[in-house]
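An overview of the molecular structure
Each chain, written out:
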Amino acid sequence: MPTQQSTIATRKPGFAAIQPGAYFVEFYGEPASPECDYEHEQFYKEASASGISMYTRNTFKRLFNGVSINLPDKRHLERLESLSAVKRTWPMQMRSRSAAIPSTNVSPNLMFAHEHTGVSKVHSELGLGGKGIKVGVIDTGVDYMHPDLGGCWKTPGCPFQYGYDFVGDGYDSASTPHPVPDPDPRDTCDGHGTHVTGIIAAHGSRFSGVAPNVTLGVYRIFGCPGNGAGQSADDVILKAMEAAHADRMDVINMSFGGGSGWSEDPLSVAASRLVQDGIVMVASAGNDGSNGLYTSGSPGLGAGVINVASFENWMITSLSIDIVGTGANYSIVHSASGNNKIRFIFGTSTGVVAPTDSTGSVNGCAPYNEGYSGQVLLVSRGNCTFVDKAAYAQNAGAVGVMVYNNEPDLMSPTSVSPNVTIPLVVIKLDDGQSILNQLKLGTVTLTATNRTVSTSNPSGGQISRFSSWGPDPELHQSPAIGAPGGNIFSTFPLDLGGYASLSGTSMASPYVAGMAALILQARSKDVSVDEVRRLLLESAHPKTDTNSTALMSPLRQGSGLADIWDSVSLMSTIDPPQLSLNYTEGNGDSATSGLDDPHEQSHRRVSSQTVRSLTLYNHSPSSSMTCTMTNLAAISVSSLMANGSFAVVPRSWPEANSSTPVAADTQPRAIIEGPALPIRVAPGSAQVITVRITAPSGLSTDDKWLFGGYLRFNLLWDDQEGTSQSLHVPYTGFLGDYTKLDVLSVPEEGLPFVSLKGSSDALDENAHVVIDSEHKLAVHYRLEHPTRVLKMRLVDDRNTTVGYLPNGYIEYLGRNYQSARGRYSNSTINGTLYEDTDLTKPFEAQPGNYRVRIDALRPLRDPSDPEGYQIWHSPRFVIDSVSVSRMAANSADDDDDLGGDVVRNGDTA
């Protein structure tokens, strides 16, 4: 989203970063159609004739029909949208790779995951390794000189035969937004893409990737760390997607996300088109699980894209810290260093102390009154940043910091700062307590070298806490499936140590991409993309919740934990592999997405009972198959507490650790209707079966429950072996009328409100204010649900619109999160208003009586229907005077013909 004009990124709720002045322009014709060339030429002719000044960044015809541009004069946007070829414009978003979470350091712990996912078995018993399958990795590049990845580039027999660097080392779409492409995508500075590639295809002595014999394409879209926020513009990513398409990749992995969290997002649409063209698309679901429901990001929400949740690995393996105390000598594990360039290595015995800071706290969040030269400080987690803890310790002369966690598990610190030069790591809570006990007995020393130690992960096989939740804003299921992503050992750039253990859905996504390659090899590529998806999803194993015996919601784990042995062994599949039931009450005529639905499932209302048809395939050419079905109810979840307040951690039913019996009517039910059971399917045939699903009538619709479960199809063949298998199809729905769901936060949260800018105190009714360069107002609001359209306007006493506020019309918004930087959003009342929703026609507000009006479109409602919005009015306030010295967004008369040049990729047209 770099622009020639500005490098300051703006953000929408849900953390979609937008680059001012940069846009996608979409044309009417279908990509790769005969009318593409004509529309592109017509667009430039009309733009030049209309006096539109713009710079063309990229041209697209393969997956997206249109261009990306910088538009220095925003007033020209309305003219541009009126051109005959233009279907619509999109603001340019910026993506972050789904940040890997440094968890532990080195040892072949990926192998532990392989034992639980069938990978080891298909390697050893079937000899599958992905040979002949091309896998594209769109990421930070890769250190292809790593010996476990081949140590080569495009030589005969080398796994790396395709790729390109679209950005260069110095690129960041927010701070240094001008790409410097080159043919060499080698990464020696970041490591994310190298780690991802190793999970797919490493073939060294220490461990093996999921599909070690695939052919690889590497498409670099991120620059080196330290250049800014570590983001890439959507048009750069789209160029990489088109290149992977042109190179005819069979599978593409995208371990990045963000954006608006809508399937209509341009990258989600492009990913869906790649699926339609026969490429298996796999993406990370996101690492925002701590923020609750509706946190899955695009492009993983595209139709047919397999977006992947993360499960924890079964072992934690790390470089060890060897502790020596009074009569004690033992080893403990630790996280990766908060700065991977400053490793926690102490080859000789180093003293450990646990002092209090100048405030008497053990948290290390204030200066120390004494010096601790040459020693490692042990401090507690909490109350300040890891950078602060490291800086205060460093100022006291310490050479390192161990932070003991306030929870049983390890977590991943970040202590990157130009002012911090000592290492910081996190250790487990019980290990910290053990060292504190040793210090009470006498002195404690440590050494930390390259020796490794492995311990059992108490969370092994459970969903990772960070893994994002679904559904998408239109109730489509997300994530699709889960795979190991927590504490995964893989390759890392040689300059950064060669190996690392990281956590994130970034690690789970390539695990599934490798599995897809194994399926393609097993079926000699004679299998459709849809069939690959069905084989993966329907063979997965749903898992129970950590705190109960009930199955986790499909909105948390998708179809469950992937198992490639079961995938390649399946003799039957079902279509569709997921059921999104939408909602159970309301007037179906008023509920519409207002869009061409990119998914197979339309937005139709269902009653408390719904009937769905599924097609059951028997792939055995010689044996008949019989089928019965079992309903496995999953936990219902809600973003509301019992008192109606917002629940950051989704509320669940049945309640965790509750001994109260669960009434049958509080859980969904499902049965097969029609013919007598069991259903019999002839060899090589298919049969349509009808399933009736009943929503849980015993739960209150006021609580806004998302219910769900799994249809387990129990299959038996009449072959000599008596083969039996089971398939799982997840289903989810909303209990109540989804189209009446509030978007804005509940009043008890104190939002929205209007204040003087810089103040957190709401204006009183009839407050008098002045607007000038020093005095402005701010509108604070919070979205607790995504919305397709948000409007913010000033209205007069008759509720007549006077004008839109800056950022007063936004489409496809994600919900606000709970973190400090994202808990609420705001718009400034600075004296400039806009006549139009494109915010291209500014004018100066006049003194008078005003209210702020916010209109937030409720879920699945038609944007053209005034009844489809939740509306909020502020108390009335009085603007006594307005003095705007320099109006925003170009204050000159919009009718002036500026006579700007139309520039294509830097050349004057």
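First, a word on what this report is: a plain description of the structure on this page. (Residues numbered from 1 in each chain as written. Predicted model: local features only at pLDDT ≥ 70, side-chain atom pairs only at ≥ 80, totals over all residues. Heavy atoms only, no water.)

What follows covers the overall build of the protein chain. Per the secondary structure count, the protein chain includes 13 helices and 49 strands. Contacts spanning at least 24 positions in sequence make up 76% of the contacts within the protein chain whose residues lie at least 6 apart. Carbon and sulfur atoms make up 47% of the accessible area of the protein chain, which totals about 33,200 Å². (Helix = DSSP H or I, 4+ residues; strand = E, 2+ residues; numbered from the N terminus. Contact = heavy atoms within 4.5 Å. Areas by Shrake-Rupley, 256 points an atom, 1.4 Å probe, with all protein chains shown as cover.)

Packed helices, taken two at a time, are described by the angle their axes make and the gap between the axes. One way to put it is that helix H5 (residues 192–201) packs onto helix H10 (residues 505–522) with a least axis distance of 8 Å and a crossing angle of 35 degrees. In the packing of H5 onto H10, the handedness of the crossing is right-handed. Along its contact with H5, which presents His 192, His 195, Val 196, Ile 199 and Ile 200, the element H10 presents Ser 506, Met 507, Pro 510, Tyr 511 and Gly 514. Looking at the contact of H5 with H10 residue by residue, the classes come out as six nonpolar, four polar and no charged. (Axes fitted to C-alpha atoms, helices over the stretch in contact; angles between N-to-C directions. Left-handed = near helix turned anticlockwise from the far one by under 90°. Nonpolar A, V, L, I, M, F, W, Y, C, P; charged D, E, K, R; others polar.)

Contact pair helix H6 (residues 234–246) / helix H7 (residues 266–276): the axes reach a minimum separation of 11 Å and the direction vectors enclose 5 degrees. Viewed along their axes, H6 and H7 adopt a mutual orientation that is roughly parallel. For the pair H6 and H7, contact is made by Asp 234, Ile 237, Leu 238, Met 241 and His 245 and by Leu 267, Ala 270, Ala 271 and Leu 274, respectively. (Parallel < 35°, antiparallel > 145°, perpendicular 65-115°, else oblique.)

In this section: helix H9 (residues 429–441). Here H9 spans 19 Å end to end across 13 residues, near enough to the 18 Å set by a 1.5 Å rise per residue. Of the residues making up H9, those classed as buried are Asp 431, Gly 432, Ile 435, Leu 436 and Gln 438. One face of H9 carries all of its buried residues, which in axial projection span an arc of 160 degrees. Seen from the open side of H9, the exposed residues pointing more than 90 degrees away from its buried face are Lys 440 and Leu 441. (Expected span 1.5 Å × (residues − 1). Buried < 20%, exposed > 50% of the residue type's maximum accessible area, 1.4 Å probe, protein only. Arc of directions from axis to C-beta.)

It is worth spelling out the sheet that holds strand E42 (residues 825–829) at this point. Taken in spatial order, the three strands make up an open sheet running E37-E39-E42, and their pairing is antiparallel. In the strand order of this sheet, the two ends are held by strand E37 (753–756) and E42, each with one partner. In this sheet, neighbouring strand axes are inclined to one another by 25 degrees on average, regardless of whether the strands run parallel or antiparallel. Sheet analysis places E37 next to strand E39 (residues 777–781), joined by four bridges and oriented antiparallel. The residue bridging Ser 755 from the neighbouring strand is Ala 778, located in E39. (Pairing = 2+ DSSP bridges.)

Further remarks concern H7. Working note: α-helix, 3.6 residues per turn, so residues spaced by three or four point in the same direction. Of all 11 residues making up H7, nine are buried, and the element is well covered by its neighbours. Two or three places before Leu 267, at the start of H7, stands the capping residue Asp 265, its side-chain oxygen 2.9 Å from that residue's backbone nitrogen. Among the residues trailing H7, Gly 278 stands out with phi positive, at a value near 95 degrees. (Polar contact = N/O pair within 3.5 Å; in protein donor to acceptor, adjacent residues only side chain to side chain.)

To continue, consider the packing of aromatic side chains. Taken as a whole and assessed by the stated rule, the structure comprises 18 aromatic pairs. When the ring of Phe 489 is compared with that of Tyr 499, the centres are 5.3 Å apart and the planes differ by 10 degrees; the resulting orientation is stacked. Within this pair, whereas Phe 489 is found in strand E24 (residues 488–491), its partner Tyr 499 is found in strand E25 (residues 499–503), the two being separated by 10 residues in sequence. The same class applies to Phe 489 as to Tyr 499, namely buried. Three or more aromatic residues joined by ring pairs form one cluster here, namely Phe 24, Phe 60 and Phe 64. Sitting over the face of the ring of Phe 646, Arg 782 holds its NZ or CZ atom 4.8 Å from the ring centroid. (Phe/Tyr/Trp six-rings, centres within 6.5 Å; stacked < 30°, edge-to-face > 60°. Lys NZ or Arg CZ within 6 Å of the ring centre and 35° of its normal.)

In total, this model carries 25 salt bridges according to the counting rule given. Between Asp 265 and Arg 95 there is a salt bridge, with its nearest N and O atoms 2.7 Å apart. Note that Asp 265 is positioned in the loop between strand E12 (256–257) and H7 and Arg 95 in strand E5 (residues 86–97), a separation of 170 residues in sequence. We classify Arg 95 as buried; its relative accessible area is 0%. Asp 169 serves as the salt-bridge partner of Arg 220, at 2.8 Å between the closest nitrogen and oxygen. (Salt bridge = Lys/Arg side-chain N within 4 Å of Asp/Glu carboxyl O.)

A few words now on the environment of Val 512. Within the secondary structure, Val 512 sits in helix H10. Once the C-alpha coordinates of Val 512 and Ile 200 are considered, the two residues, 312 residues apart in sequence, prove to be 8.5 Å apart. Contacts of Val 512, omitting those with residues within four sequence positions, involve Val 282, Ile 306, Val 308, Ile 481, Ala 483 and Leu 536.

Once that is clear, we can look at the state of the cysteines. One pass over the structure, following the stated rule, counts three disulfides. Here Cys 189 connects covalently by a disulfide to Cys 224, the sulfurs 2.0 Å from one another. Looking along the S-S bond of the Cys 189-Cys 224 disulfide, the torsion reads about -90 degrees, which is the left-handed sense. Of this pair, Cys 189 sits in the loop between strand E8 (160–165) and H5 while Cys 224 sits in the loop between strand E9 (215–220) and strand E10 (231–233), and the two are 35 residues apart along the sequence. Given a relative accessible area of 15%, Cys 224 falls into the buried group. If you count the bonded cysteines of the protein chain from the N-terminus, they pair up as 1-2, 3-4, 5-6. (Disulfide = S-S within 2.5 Å.)

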